[in-house]
Amino acid sequence: MTSAAHKGEAADVATDAATEIVVGGLTPLSTSDWPGMLAATVFCQGCAWNCPYCHNAALRPFGPGERTWPEVLAWLTTRPGLLDAVVFSGGEPLLQPGLAEAMRQVRGLGFEVGLHTSGMAPQALERVLPLCGWVGLDLKAPRRAYPRITGAPGSAEDAWASLDLLRESGIPFELRTTWHPALLPEDELLELAGEIAAAGTPLWALQAFQPEGCADASLATAGRARVDEALVARLRAALGAGQQLIIRN
Ligand code: SF4
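Residues numbered from 1 in each chain as written. Predicted model: local features only at pLDDT ≥ 70, side-chain atom pairs only at ≥ 80, totals over all residues.

K.L.:
For this particular structure, what's the right way to read the overall build of the protein?
P.N.:
Assigned secondary structure in the protein consists of nine helices and eight strands. Relative to the compact-globule value of 18 Å for 249 residues, the protein shows a C-alpha radius of gyration of 17 Å, a close match. Dimensions of the protein along its principal axes, counting C-alpha atoms only, are 50 × 35 × 35 Å. For the protein, the proportion of contacts with a sequence separation of at least 24, taken over those separated by at least 6, is 75%. (Helix = DSSP H or I, 4+ residues; strand = E, 2+ residues; numbered from the N terminus. Rg over C-alpha atoms; globule rule 2.2 N^0.38 Å. Contact = placed C-beta atoms within 7 Å.)

Structure representation (structure tokens):
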């Protein structure tokens, strides 16, 4: 299915409050999924893209989850005072018909709501943004290289439309790029830095590829990537004043 088709599908179903999200996994406590917050992370099942470096390969197929959303909600009722927030991650949360309702339920329990997304469904993002306190948005490549990474025609347009929505929303967000030199040569990573510089966004996190959970045998065998100091210096030079680059090696 093309990215454009999923965008329409997600927009159609994003208001379907009767449909529960499909939960592929749960991290009870994370200090990194929403930096600065004590969060539980709910991993939604299913994603329409096919990034070779995906470290959540088991979450890509659409299908049954490992537990039900009501079970997660019941558990969350035991967490006030122990958690600040719930982060919806994936897979791709924006393809879940019941995402907005799940977010409302989480807020109703007194928790903040965070979102990890690839930006593949900007219309769905627009619907849930008012419910979010923070968003981590993947930017995978410079525009021209996007379909090579995601396997999805139109993916660059969707991701950058999502970035535009975030910039207009005023909601705090972080851009994140997972990097492996076999998929994105340094010159293309620098090209992405230039596009981010032009967008003027304040925070970009560059995450070195990790083989854990990756289904691509050649990448998994190659092992961890590492962003070296020389590359960091070139990337920082490409960014504008006031733009922060965080390296997660
Ligand atoms: S968009 Fe995210 S979940 Fe989907 S395949 Fe790519 S890395 Fe994996």
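K.L.:
Quick question: what am I supposed to make of the pairing of strand β4 (residues 112-117) here?
P.N.:
Most of β4 sits out of view: five of its six residues are buried. Sheet topology note: the strand β3 (residues 85-89)/β4 ladder contains four bridges and is parallel. Bridge assignment links valine 86 to a residue of β4, and that residue is valine 113. Relative to strand β5 (residues 134-138), β4 is paired through four bridges, and the arrangement is parallel. The partner of leucine 115 across the bridge, within β5, is valine 135. Assessed by its sense of winding, the connection that carries the chain from β4 through helix α4 (residues 122-128) to β5 is right-handed. (Buried ≥ 20, exposed ≤ 12 C-beta atoms within 10 Å, placed from the backbone. Pairing = 2+ DSSP bridges. Right-handed = clockwise from strand over helix to strand, strands pointing away.)

K.L.:
What am I meant to see in the site of the ligand here?
P.N.:
Surrounding the ligand, one finds Cys47, Trp49, Asn50, Cys51, Cys54, Asn56, Arg60, Gly90, Gly91, Glu92 and Ser118. Residues of the shell around the ligand, tallied by class, amount to four nonpolar, five polar and two charged. (Near = placed C-beta within 6 Å. Nonpolar A, V, L, I, M, F, W, Y, C, P; charged D, E, K, R; others polar.)

K.L.:
Can you walk me through the sheet that holds β3 in this structure?
P.N.:
Remark on secondary structure: sheet strands pair via backbone hydrogen bonds, oriented parallel or antiparallel. Taken together, eight strands build an open sheet; the order of strands is β1-β2-β3-β4-β5-β6-β7-β8 and the sheet is mixed. Because the sheet does not close on itself, it has two edges, and the strands there are β1 (23-30) and β8 (244-248). Neighbour-to-neighbour, the strand axes of this sheet turn through a mean angle of 20 degrees, independent of strand direction. Across five bridges, strand β2 (residues 39-44) lies against β3 in parallel orientation. Residue pairing in the sheet places alanine 40 in a bridge with valine 86 of β3. (Axes fitted to C-alpha atoms, helices over the stretch in contact; angles between N-to-C directions.)

K.L.:
For this particular structure, what's the right way to read the environment of alanine 100?
P.N.:
In this structure, alanine 100 sits in helix α3 (residues 99-108). Residue alanine 100 is classed as buried on the basis of its 20 C-beta neighbours within 10 Å. In the structure, alanine 100 is positioned 80 residues away from glutamate 20 in sequence and 10.0 Å away in space, judged by C-alpha atoms.

K.L.:
Any chance you could explain helix α6 (residues 155-169) here in plain terms?
P.N.:
In this model α6 runs 21 Å from its N-terminal to its C-terminal C-alpha over 15 residues, within 8% of the 21 Å that 1.5 Å per residue would give. Among all positions in α6, only Ser155, Ala156, Asp158, Ala159, Ser162, Leu163 and Leu166 are buried. Directly after α6, the chain includes glycine 170, whose backbone phi takes a positive value near 80 degrees. (Expected span 1.5 Å × (residues − 1).)

K.L.:
Is there a simple way to think about the packing of helix α7 (residues 186-199) against helix α9 (residues 229-238) in this case?
P.N.:
For any two helices packed against each other, the geometry is given by the interaxial angle and the distance between the axes. Taken N-terminus to C-terminus, the directions of α7 and α9 make an angle of 30 degrees; their axes are 8 Å apart at the nearest point. The angle between α7 and α9 falls in the class roughly parallel. Crossing geometry of α7 relative to α9 is assigned as right-handed. Taking contact as the criterion, the partners of Glu186, Leu190, Ala193, Gly194 and Ala197 in α7 are, on α9, Leu231, Arg234, Leu235 and Ala238. Its residues placed into classes, the contact of α7 with α9 shows six nonpolar, one polar and two charged. (Parallel < 35°, antiparallel > 145°, perpendicular 65-115°, else oblique. Left-handed = near helix turned anticlockwise from the far one by under 90°.)

K.L.:
Would you explain the nonpolar core in this entry?
P.N.:
In globular proteins that are soluble, nonpolar side chains generally tend to be buried together. Membership of the largest hydrophobic core comes to 67 residues, with the highest contact counts inside it found for Val23, Val42, Ala85, Val86, Leu99, Val113 and Val128. Once residues within four sequence positions are removed from consideration, valine 113 is found in contact with Ala85, Val86, Met103, Val106, Arg107, Leu131, Cys132 and Gly133. (Core = buried A, V, L, I, M, F, W, Y, C linked by C-beta atoms within 7 Å.)

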